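Summary of the model geometry
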Amino acid sequence: MSLQFVIDILSDLILLIGLFFVFLGMVGLIRMPDVYNRLHTTTKIGTLGAFGVMISLFVRVGFEPIGIKALTLGLFLMLTAPIAAHMIGRAAFHHGSSYGIDNAVIDDYKEACERLK
Amino acid sequence: MTTLITQTIAKVVVPLCVFLSISLLLTGHDQPGGGFIGGVMFATAISLLYISFGLDDSKKFFNPDWSLYFGFGLLLATAAGIGSIIAGYNLLRTDYTYLQLPLFGEVELSSAIVFDIGVYLVVIGGLLFIFKKMGED
Amino acid sequence: MKRYLIFSVLFGALWCGVHGIIDIQNFLFGMLLGFFVIVLLKNLYSFEEDVSFIKVINKIPKKILFFIVLTIEVIKANIILAKIVLSPRLNITPGTIEYHLNVKTDTGITVIANTISLTPGTITLDVSTDKSMLYIHSIQADEPSKICGNIQKLEKYVLEAFE
Amino acid sequence: MSSILLSFALTFMAFTLVPCIYRLIKGPTLSDRVVALDAMAMVIVVILGVYSYVRDSVFFMDVALVLAIIAFVGTIAIAKYIDKGVVF
Amino acid sequence: MNLPVAVVLAIFLPFFFAILVPYLERIVKHNIGWFSALIGLISFLLLVLISPEIIRGEVIHYSVSWIPSVGVDFGIYVDGLSLLIAFLASGIGFLIMAYSTEYMSHREDLARYYQYILLFMGSMIGMVFASNTIQLFIFWELTSITSFLLIGFWRNKPQSVYGAKKSLILTAGFGGLALLTGILLLRAITGTFDIPTILADESLKVLIKEHDLFLGTLFLIFIGAAAKSAQGPFYIWLPNAMEAPTPVSAFLHSATMVKAGLYLIGRVHPIFSGTEAWLIMVAGTGLVTMVVAGFLALRQTDIKGLLAYSTISQLAYIMAMYGYTTYQDPSLGVVAATYHLLNHATFKATLFLIVGIVAHEAATRDIKKLGGLRKEMPITFVIATIGALSMAGVPPLNGFLSKEMFYEASVDIGASLGQPYNLLIPMIAVIAGVLTFAYSIKIIDGIFLGKRNDEHLPKKVHDPSIIMLGPAAILAFIVVLFGIFPSIPMSFIIEPAVSGIILEDISIYASLWHGFTVELLMTVVTFGLGIIIYKKYDAIANWQDEFNKKHPTFSLNYYYDEIFGNATENAKKISLKFQVGPIRAYLFPIVLIAILSVLFPIIILSVELTPITFNFETPPYELIVFILIITTAVMAAIIPSYLPAVIAVSALGFLIGIVFIFLLAPDLAITQILAETLTTIIFVLVISKVPQTFKEKIPRNILYRDILISLTVASTVFLIMLYATQGIIEPFESVSHYFLEKSILLTGGHNIVNVILVDFRSLDTLGEIVVIFLAALGVYNLLHSRGERK
Amino acid sequence: MNILEHTIVFMIAIPFLVASLMILTRPFPEIQKKLNVLVSIVLLILSVYLFSQVWQNGIIAYDIGDWGKYGIVLVADLLSASMVLLSSIITFLALLFSLDYIDDKSQNTTYHSLYNLLIAGLNGTFLTGDLFNLFVFFEILLIASCGLLIANEKVEITPSSHKMEAVYKYLILNIIATLFMLVAIASLYGTLGTLNMADMALRIGYMNENGTLPWHLIPTALLFIVVFGNKAAIFPLHFWLPDAHPTAPSPISAILSGILIKVGAYGFIRFYYLIFEGNLEIFQPIIIFLGLATIIIGSISAVGQDDIKKVLAYHSIGQIGYVFIGIGMGTVYALAAALIYLINHAISKSMLFLVSGCIVHKIGTRDMRKIGGLSSTEPFLGLMFLVGIMSISGLPPTSGFIAKFVLFDAGISGGFYIPILIAVIFSLFTLFSMFKSWQRIFWGEIKDNIFEKENIHQNSKTMLSSLVIMTVIIFVIGLYAEPLIAITLETAEQILDPQLYIDAIIPGEVR
Amino acid sequence: MDTFLLLTISILFGIGTFLILRRDIIKMIIGVVILCHSVHMMIVSVGAFDGIKAPIIESSKYPQPEYIFKDSISEGIFAPVVPESVSVIYMDPLVQALVLTAIVINLAITAFLLILAYRIYEEYGTMDADELRRLRG
Ligand code: NA
Ligand code: NA
């Protein structure tokens, strides 16, 4: 068992996990009841999955241009995904998106917003 | 105006975009990229700024007259073309050479880059001019 | 001037990353270019503050530590969420909660807010105008204090690494 | 092995676009659609990454790099519009 | 003096001075009229200079190359016929301008008046001396235009405007275009525009008469002439032309311009005459017109109107006579016609000038308001009587002679045609003569005889000064002179003129007394019937009025007004049918042509569809993306709210980006993604300022129709693309090979796409950035086009 | 280095350069004006020089960047050089006119840039020998004209809503048309492997000879009817024109009607007579048919208008129809006649639009129902307008007569009796509506209200001088047409021999 | 070329056509955008050769030995012909360059069109294209 083989297997594995997570994130997009929860799945699961795929690529090729770019790309995603989620969540809230499920246990933000008004 | 969080990230992402934009411009001759792509990337960076800080606040950071950008860009691109006439060729002839630079080693230098920078400036100026005009309206 | 240099170094690294080739020429070129970019955008940042190299370098290990913690938390978050997504019945109790911030700087707030967004079941929705409060959407908001506790743990790392 | 896997990966990711499009079309709120768009961009980034490897061509990574940033800007532009009613 | 030079001077002096008139007017003020008259006189004298040559039977033909590429020269061709008309134009022109110095008030825009008259005079002389048809046509149209300007001289009067427009449409428009087309057809047959060439070449004339296009050519040229001379249905412009100042009417609309059509008929007489078509068209039109116009003249209460109808009728005499030509006798009627042409010019101009004097002094032209002026205006009365009696055909005036000749010719043609024409044509001629007699008497009676109508007339009416009487007197003198000594005009004017038409030597004579002939009988009958008709004059006029009231549609003017009066409204209706407003209606044709461009070759040209190969080896991931693209596009199409639709478009753009990736085009993919994002941002920028939705309710049928159209377009495009992607046809190859092979060598660039953009096809890129540049400027203009409102 | 060798490319490069300078010199309006006039004169001189060069030495091909036929080639043959010359004349005169006509604010900011780019677009369209490059220049033309269309006049006589509507329709219809152009270009490239028009002609000629011409090139060629037909505003693609041309500021209307729609006619000649020369028998009847339909619709609609500029606009449609029957007839004489017709219409119609601009400038309305009796106060404008309408109606001694005469003559000598008959009948409509308009404006009673408006502007000497120059041209051609006819005949002969064009570009050696 | 792709392109063209025939201005503009997409893909798909690599030559700085370019009209060969032994591994770069230009141009035009739509709304107070009928007749 050469090192290359191990690396290949490892990267394949990470790739599969990554792909699976991306898929899961998107499934969440369908399954989740409201926009906030959908944000949770895409932002977290999706981003991690994508990051995983990038890592897998990096593992596969090493410090080749593809690998380095994959890493940079992963960092980009990690940097921007939460902000996008944040912006969308905020927008959804101000736009009055319903919670989808009525059992919102606590709504501090709504109160805060009302206080401001 | 958006939130503090967005703005802080914007401060990080904007130079990143600008950087990417310059990278795309300079390496366009050998890799994907070029004046247009770089220019749009730059415009995206600035529009990110406009989005996250709002047009009015962005003006505090800088408020260039974008029309000068596209004016100068077209001037540069055309001048690059006419330059080749002065050099004794037909319009828009390009040439290249390899330069030996200390530290950087052998660098390909193409005259087309001047033209591409013109393209870059026009794209930046034009798009941002439109954005700004429309945003102000 | 020091800040310019720090940014330039960062950009040098970034250039290598964007370019996909890590070598000294690329790095130098990136630094050079980064310098110009920063000069171009200097109004965006507060350059008047002094900064020392030592402090920056000292904080690097702490930053690395923070990222390790963060990675673990992210993976945890994902596994929890994956379970939720995959479970036949959605067992969620969403809600928004507020969180009192300890970090003060913009960078700190941003980092903690992003961290929150990446960690289990929470997304930062807003930061109050006086920078004292974060509003967080949680997928399981039945125990706000527990969430806040988790966040506080992370915030400690942030405080150390970024302030 | 790898080539089959990669081919599978591409197909799988292409298939993963389906939920995004579903949500994008279904809504019901604007924010849902934006989430879907954002997610879709991410999936495409993944596709590009894989494809780059499949074709052994770094150039598609450049596309991915650009897409990662650009999609972010697009997303927050729409989000800000939904939030504030303005873009700039 | 070189004769051609004299002719050219006679043509162009009036033009030259017409241009100078406005400037001279500033110097000589209202004396400009005398100055202009002088120009007329000079032209006249120049023509006198050349007349001996012509009377001797020579012709002057001189030409220089003008537009050789299309075979048009500038040339002059002077023969008796053209000289006759040119004499009329310059001589009467001189008299008219002299008369106008008194007639036209000094407050009028005299410069313009004389300018137009001089222009007309030059055009008229130029027209008759033109040696080729194109040159003739140019001057011909110029006379129409100057006539238009003169009729509309008092341009704030609605009737002037109406009359001017009518004359322009019928003469310059209908007539001119018909003539031009006829000329071109003639050239198509003969291969030349040159008149003398055709006249001289017998074989050409035979060729013309046997050509398929003969009838069309003749018809079109005849239409041109008829319109100009107010014959046939075209007569309607002439009565309205009476809105011009009276001297103008005398000059243009009786003596000269309306003769242009007759001149043309005379000019082409040798080419076309002797055919059945010629007889039917020319003589038939003349005979009908002379009776109808004569009859309608009875109804006129405006003396100028009466004179106008009489002019139509008299011109119809000439027209008819020119038409009489038969195979047996090619000269039949020509002498009479030419003689009457001259005579009509003299007596009709006289009458017009008299009418001008009367209107000037009595301040009205209404025959009902006039009357009993013989005592107050004795000289005027005498001159008028001479003119009117000449028109009536009373001996010993010149009108009598030509009318006799007309009767004679009518009898001859009738005889040569046999039953029933041998009775019909003379009868028509007599009827026309009777009507002429009646209205001629009416002029004398209505104005000068009977009781003075104090109610309408000014207190003091008197003969005008010599300046106004002089020209009329000169013309009246000619009327008498030519009547008593017919050999003078015959030998000096008519014979040369006729030789220009018949092209062979003939000897002609005329005398007052030519024995007891059929013509004399007809004349006697004419006078007798004329007096009877005159007794019934008012009854006939009333009957006509009644008839017109009852049957308003029974009139050519009615149809003219229907067509041209309501032209704007009717055309507007048509234009509204096409220019409906909604842009969709404008898009259909584009789509339709696109569809047709594929269907047309298949169905009409029945081209053979070459075989093709399909390629269905698509990887599954591509297939999924394709399906998603279509889904997203469909959704973008049907989501009613804007923002969701825009988000769908944005998604579509990303998916297209993936397709570009599949097509191995990274640059394109980047560009596509960037462009998509920018489009989205601008979309959002815009829809943030407009309502969020516009719920278009598409009716079922429109929906189905549009879907059908879209499907057809899609299949059209599919078909073309299917073939276009079959590869480059042997033995050719794509120029792309060059780029792949040479780019590194020539430009040092490795990214061939970019190399093409910045090196090989950099002009495209330059253009592309110019478009961005332009879009930015355009947006600026868009946002600043609101003016100061904001 | 002989700078004059590059004349052909300067026709495009100089306006590009100047357009950018105009943006940079925005703070100095006087410099802008002077510079633009200077540049226009230079371009005029250069275009004369270019034409004379082509006349003397034959077709000039200029490969941008020295890449031979693989790059973009600019070609000046007699046709394109004369079109460039024509456009230089018209744009120069319209520029003179616009200096005192266009609102200063508009003028200082974008006008001169847009103007120069429009010129560049025109010259580029005429000179390019590359089909895709033609598309690019079409887009430049489109956007530049849109931008100019909405420039403000000193007299606010066109509500900006009208401008928006007109531009919208103009833009959408043209965009769709250019998209079809791209479809057609794709199809041509996919089959022929080249974008160079001479190369295409060569290849299609070869295929025609060998019978291997694939059928889909015929529909592809027919698709270009949409493209060029739309530019030329032939029926039924003309709908944008009656909206766009009247709403534009008058000098821009003059350019749009005078030269821009001629681009379509040029395109038809260039495309069908060069590239599809071997299949002309398919296209010629279609072109004649479209031309006739255009004549009918344009002429009738013009009669129904109350807006002076709309009359002129509809006329442009009718008149371009005449050009098209000339193109469709396709003999040397007919093509020459079409060109003469085109040149005459360019000058006369531009002049009429400029005169109507003067009227509008003075009176502040385009509605003829509100104007009347102007000849007493504006005799000079009356005269100018009369000359213009005489020329448009084809009356001697103007250039219009020559145009009509040669066109009809060509048609009749070519045996096209029915088309010529229709054309003749409908020129009566032209005559009627033009003279009626003239009467409505200049004759009749003076309307009291027209001089009471506040925004009365005097027509400056520079404005009037461009009218005078156009009048002189009209009369010079009308009185001495031989040079023009000789030139156009030579041009037509060149058009009908595409081998000359091909040889100039593909000399048989490759770099 | 892939028939399914052509089918997709054509269907997109159909959808675009359907949309430009709508009354809603924004829908029309979306239609234009979709038509543009369709046309762009169309151009790329008519590329002269289907290679397996993007047209970016990675290998060496200097090119391989030159092929012979023949251009002999007498032999009926008018274009550079690559010897049969050489198979092209790259995609056709020309179509890509063309489409890039087209995309940029269409972007600029779409931007203009959109802002025009906004101005139309300002003037007419509606997004209904059928209401744009002040210029009829
Ligand atoms: Na994201
Ligand atoms: Na009486």
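Model, not experiment: these values are computed from the prediction.

1. Considering the overall build of chain D
Within chain D, the secondary structure is distributed over 3 helices and 0 strands. The linear arrangement of helices and strands in chain D, starting from the amino end, is α-α-α. In terms of C-alpha radius of gyration, chain D reaches 15 Å, well past the compact-globule figure of 12 Å for 88 residues. With the C-alpha coordinates of chain D rotated into their principal frame, the extents come out at 50 × 25 × 10 Å. Going through the 88 residues of chain D one by one, you find that 78% of them count as buried. Summarising the internal contacts of chain D: among those between residues at least 6 apart in sequence, 44% fall at separations of at least 24. For chain D, the exposed surface amounts to about 2,100 Å²; the carbon and sulfur share of it is 65%. With 6 positive and 5 negative side-chain charges, chain D shows a separation of 11 Å between the mean positions of the two kinds.

2. A closer look at empty space enclosed by the protein
Within this structure, the stated rule accounts for 17 cavities of 30 Å³ or more. Counted as a void, the largest cavity has a volume near 160 Å³. Taken together, 17 residues line the largest cavity, and the ones lying closest to its centre are A:Leu77, A:Thr80, A:Ala81, D:Asp38 and D:Met42. Only helix 2 (35–61) and helix 3 (65–94) of chain A together with helix 2 (30–54) and helix 3 (59–84) of chain D provide two or more residues apiece to the lining of the largest cavity. Residue contributions to the lining of the largest cavity peak at 6 residues, all from helix 2 of chain D. For the lining of the largest cavity, the per-class residue count stands at 12 nonpolar, 4 polar and 1 charged. Computed from the structure, the second largest cavity encloses a volume of approximately 120 Å³. Taken together, E:Gln672, E:Ala675, E:Glu676, E:Thr679, G:Val33, G:Cys36, G:His37, G:His40, G:Ile103, G:Asn106, G:Leu107 and G:Thr110 make up the lining of the second largest cavity. Looking at the lining of the second largest cavity, the elements that each hand over two or more residues are helix 28 (666–687) of chain E together with helix 2 (25–45) and helix 3 (93–124) of chain G. Here the lining of the second largest cavity is composed, by residue class, of 5 nonpolar, 6 polar and 1 charged.

3. Quick look at the coordination of the sodium ion (ligand 2)
All names here are of chain E. Ligation of the sodium ion (ligand 2) by protein atoms is provided by Ile367 (O), Leu370 (O) and Gly446 (O), these donors lying 2.5 to 2.9 Å from the ion. Summarised as a motif, the one-chain spacing of the donors to the sodium ion (ligand 2) is I-x2-L-x75-G. A residue pair is termed long-range when its members are at least 10 positions apart, and Ile367 in the loop between helix 15 (334–362) and helix 16 (378–392) and Gly446 in helix 18 (residues 421–447) qualify at 79 residues. An identical accessibility class is assigned to Ile367 and Gly446; each is buried.

4. Points about the nonpolar core
By size, the foremost hydrophobic cluster in this structure holds 795 residues, and its most contacted members are C:Leu134, E:Phe129, E:Tyr324, F:Phe224 and F:Tyr272. The element that contributes the greatest number of residues to this core is helix 3 of chain G, accounting for 23 residues. Among residues more than four places away in sequence, those in contact with C:Leu134 are B:Ile5, C:Ile97, C:Glu98, C:Tyr99, C:Leu101, C:Ile109, C:Ile112, C:Ala113, C:Ile116, C:Thr124, C:Asp126 and C:Val127.

5. Examining the interface of chain F and chain G
Taken residue by residue, the interface counts 42 residues in chain F and 41 residues in chain G. Taken over both partners, the interface formed by chain F and chain G buries close to 3,700 Å², and the fraction arising from carbon and sulfur atoms is 77%. It is F:Glu165, F:Tyr168 and F:Tyr189 in chain F that bury the most area against chain G; as a group they hold 18% of the surface buried on that side. Joining chain F to chain G, the criterion identifies 0 salt bridges. Sorting the residues of the side of chain F that touches chain G by element identifies helix 5 (131–149), helix 6 (160–192), helix 7 (197–210), helix 9 (241–247) and helix 12 (308–329) of chain F as the ones contributing at least two each. Broken down by element, the side of chain F that touches chain G gets its largest block of residues, 20 residues, from helix 6 of chain F. Its residues assigned to classes, the side of chain F that touches chain G comprises 27 nonpolar, 7 polar and 8 charged.

6. Quick word on the coordination of the sodium ion (ligand 1)
For the sodium ion (ligand 1), every protein donor is listed as D:Asp38 (OD) and D:Asp38 (OD), and the spread of their distances is 3.1 Å. Note that D:Asp38 resides in helix 2.

7. Some words on the UniProt feature "transmembrane region" (unreviewed entry) in chain D
UniProt annotation of "transmembrane region" (unreviewed entry) refers to residues 6–25, 34–53 and 59–82 of chain D when read in the numbering used here. Split by type, residues 6–25 of chain D is 100% helix and 0% strand. Its first and last C-alpha atoms lie 29 Å apart.

8. Let's talk about the packing of helix 1 (residues 3–31) of chain A against helix 2 of chain D
In the contact formed by helix 1 of chain A and helix 2 of chain D, the axes pass within 11 Å of each other and the chain directions differ by 160°. In terms of orientation, helix 1 of chain A lies roughly antiparallel with respect to helix 2 of chain D. Helix 2 of chain D is crossed by helix 1 of chain A, and the crossing has left-handed handedness. Across from A:Leu15, A:Leu19, A:Val22, A:Met26 and A:Leu29 in helix 1 of chain A, the residues of helix 2 of chain D making contact are D:Val35, D:Ala36, D:Ala39, D:Met42, D:Val43, D:Val46 and D:Val50.

9. Topic: the interface of chain F and chain E
Each partner contributes to the interface: chain F provides 119 residues, whereas chain E provides 103 residues. Each partner contributes to the roughly 9,600 Å² buried at the junction of chain F and chain E, and carbon and sulfur atoms together form 75% of this total. Its largest share of buried area at the contact with chain E, chain F owes to F:Trp67, F:Trp215 and F:Trp443, together 9% of the area lost on that side. Residue E:Arg761 pairs with F:Asp130 through a salt bridge whose shortest N-O separation is 2.6 Å. At the boundary of chain F and chain E, one finds 22 residue pairs in polar contact (both at pLDDT 80 or more). Tallying contributions element by element places helix 6 of chain F first for the side of chain F that touches chain E, with 15 residues. Here the side of chain F that touches chain E is built from residues that sort into 76 nonpolar, 28 polar and 15 charged.

10. Focus: the environment of E:Glu25
Residue and element names in this part refer to chain E. Its location among the elements puts Glu25 in helix 1 (residues 3–28). Look at Glu25 and you get partly exposed, because its relative accessible area is 24%. Spatially, the C-alpha atom of Glu25 lies 42 Å from that of Arg299, the residues being 274 residues apart in sequence. The contact partners of Glu25, leaving out residues within four places of it in the chain, are Ile32 and Ala111.

11. What about the sheet that holds strand 2 (residues 122–127) of chain C?
All names here are of chain C. Strand order in the open sheet formed by 3 strands is 1-3-2, with antiparallel pairing between adjacent strands. Every interior strand has two partners, whereas the edge strands, strand 1 (95–100) and strand 2, have only one. Each adjacent strand pair in this sheet contributes to an overall mean axis angle of 30°, direction not counted. Examined bridge by bridge, strand 1 and strand 3 (residues 133–138) share 6 bridges and lie antiparallel to one another.

12. Brief notes about the layout of surface pockets
To locate leftover empty space, one rolls a probe as large as a water molecule over the atoms. Here the second largest pocket is characterised by a volume of approximately 1,600 Å³. Lining the second largest pocket are 45 residues; nearest its centre among them are E:Ile19, E:Gln115, E:Leu119, F:Leu383 and F:Phe475. A per-element tally of the lining of the second largest pocket places helix 1 of chain E first, with 9 residues. Tallied by class, the residues present in the lining of the second largest pocket amount to 31 nonpolar, 9 polar and 5 charged.

13. Considerations on a nonpolar patch on the surface
Residues and elements named next belong to chain C. On the surface, Leu5, Val9, Phe53, Ile54, Ile57, Ile60, Ile64, Ile68 and Ile72 cluster together to form a nonpolar patch covering roughly 820 Å² of accessible area. Secondary structure elements with two or more residues in the nonpolar patch: helix 1 (2–19) and helix 3 (53–86). By residue number, the principal contributor to the nonpolar patch is helix 3, which donates 7 residues. On the secondary structure map, Ile72 appears in helix 3.

14. Here we look at helix 2 of chain D
All names here are of chain D. In this model helix 2 runs 36 Å from its N-terminal to its C-terminal C-alpha over 25 residues, within 8% of the 36 Å that 1.5 Å per residue would give. Of all the 25 residues making up helix 2, 23 are buried; the element is thus mostly covered by neighbouring parts of the structure. Asp56 sits one or two residues past helix 2 and shows a positive phi near 50°.

15. With respect to the UniProt feature "transmembrane region" (unreviewed entry) in chain A
Residues and elements named next belong to chain A. If you check UniProt for "transmembrane region" (unreviewed entry), the listed places come out as residues 12–33, 45–63 and 70–89 in our numbering. A helix fraction of 89% and a strand fraction of 0% characterise residues 45–63, whose end C-alpha atoms lie 26 Å from each other. The span residues 70–89 is 100% helix and 0% strand, and its two end C-alpha atoms sit 28 Å from each other.

About the thresholds
Residues numbered from 1 in each chain as written. Chains lettered and ligands numbered in written order. Predicted model: local features only at pLDDT ≥ 70, side-chain atom pairs only at ≥ 80, totals over all residues. Heavy atoms only, no water. Helix = DSSP H or I, 4+ residues; strand = E, 2+ residues; numbered from the N terminus. Rg over C-alpha atoms; globule rule 2.2 N^0.38 Å. Buried < 20%, exposed > 50% of the residue type's maximum accessible area, 1.4 Å probe, protein only. Contact = heavy atoms within 4.5 Å. Areas by Shrake-Rupley, 256 points an atom, 1.4 Å probe, with all protein chains shown as cover. Lys, Arg positive; Asp, Glu negative; His and termini not counted. Charge placed at Lys NZ, Arg CZ, Asp CG, Glu CD. 1 Å grid on protein atoms, 1.4 Å probe; cavity = no way out; pocket = protein on both sides within 12 Å on 5 of 7 lines; lining within 4 Å. Points joined across faces, edges and corners; volume = space filled by probe spheres on them. Nonpolar A, V, L, I, M, F, W, Y, C, P; charged D, E, K, R; others polar. Donors = N, O, S within 2.8 Å, 3.2 Å for Na, K, Ca; no water. Core = buried A, V, L, I, M, F, W, Y, C linked by side-chain atoms within 4.5 Å. Buried area = accessible area lost by both parts, 1.4 Å probe. Salt bridge = Lys/Arg side-chain N within 4 Å of Asp/Glu carboxyl O. UniProt positions renumbered as here; feature names shortened; annotations may be inferred. Axes fitted to C-alpha atoms, helices over the stretch in contact; angles between N-to-C directions. Parallel < 35°, antiparallel > 145°, perpendicular 65-115°, else oblique. Left-handed = near helix turned anticlockwise from the far one by under 90°. Polar contact = N/O pair within 3.5 Å; in protein donor to acceptor, adjacent residues only side chain to side chain. Pairing = 2+ DSSP bridges. Patch = residues over 30% accessible without salt bridge, like charges linked within 9 Å, V, L, I, M, F, W, Y side chains within 5 Å. Expected span 1.5 Å × (residues − 1).

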